[in-house]
Amino acid sequence: MKAVLFKMTIGLGIMVLATQQLMAQSRNCAPREGVIERLTQTYGETRQSIGLVGQDAMMEMFASTRTGSWTITVTLPDGMTCLVASGQGYKPIADAPKPNV
């Protein structure tokens with residue numbers, strides 16, 4: 001009985017680790033340098049804007065003014081960058097700030 005319980009516990013642990021690995025892969029994350037290189041070389045995108053997400057992550061928007069493609073990424077403190085969204089139709093705008101009324 002103890003051997004069966006031990007095997008079931010080990011099996012459950014392996015399934016949890018496998019699930020965590022699959023979740024990390026499905027988030028489309030990779031080291032930041034590789035993500036930026038791919039966005040630049042494959043899609044011609046460059047960083048257009050930046051912002052903070054909470055206190056420990058950085059959001060960046062990359063876009064190509066030539067093709068209109070765009071990508072939003074979030075970089076975590078460990079240096080991993082995750083793709084959040086991407087699309088077409090990027091157009092830079094420079095609206096003047098509106099005064100507070």
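Note: the structure precedes this text.
Residues numbered from 1 in each chain as written. Predicted model: local features only at pLDDT ≥ 70, side-chain atom pairs only at ≥ 80, totals over all residues. Heavy atoms only, no water.

Visitor: How do you make sense of the state of the cysteines when you look at a structure like this?
Guide: In protein chemistry, a disulfide is the covalent bond that joins the sulfur atoms of two cysteines. Considering all chains together, one arrives at one disulfide under this definition. The disulfide that involves Cys29 links it to Cys82, with 2.0 Å between the sulfurs. Judged by the sign of its S-S torsion, about 105°, the bond between Cys29 and Cys82 is right-handed. Of this pair, Cys29 sits in strand E1 (residues 29-31) while Cys82 is found in strand E5 (residues 80-87), placing the two residues 53 residues apart along the sequence. In this structure Cys29 comes out as partly exposed when scored by relative accessible area, which is 23%. (Disulfide = S-S within 2.5 Å. Helix = DSSP H or I, 4+ residues; strand = E, 2+ residues; numbered from the N terminus. Buried < 20%, exposed > 50% of the residue type's maximum accessible area, 1.4 Å probe, protein only.)

Visitor: Can you help me understand the pairing of strand E3 (residues 57-63) in this one?
Guide: Note on strand geometry: in a regular strand, side chains alternate between the two faces of the sheet. A large share of E3 lies buried, amounting to five of its seven residues. Linking strand E2 (residues 46-53) back to E3 in an antiparallel pair, the connection comprises three residues, with Gly54 at a positive phi of about 65°. Pairing between E3 and strand E4 (residues 70-75): six bridges, direction antiparallel. Paired with Met61 across the bridge in E4 is Ile72. Where E3 folds back on E4, the antiparallel hairpin that results is connected by six residues, among which Gly68 adopts a positive phi of roughly 85°. (Pairing = 2+ DSSP bridges.)

Visitor: Can you walk me through the pattern of salt bridges in this structure?
Guide: It is possible for side chains of opposite charge to pair when their charged atoms get near one another. Per the counting criterion, the structure on display carries two salt bridges. Where Arg32 meets Glu60, a salt bridge forms, and the shortest distance between an N and an O atom there is 2.6 Å. Taken together, the residues span a long stretch of sequence, with Arg32 in helix H2 (residues 32-43) and Glu60 in strand E3 at a distance of 28 residues. On the basis of relative accessible area, Arg32 is assigned to the partly exposed category, the value being 23%. Here Arg47 ties to Glu60 by a salt bridge, and the two come within 2.8 Å at their closest N and O atoms. (Salt bridge = Lys/Arg side-chain N within 4 Å of Asp/Glu carboxyl O.)

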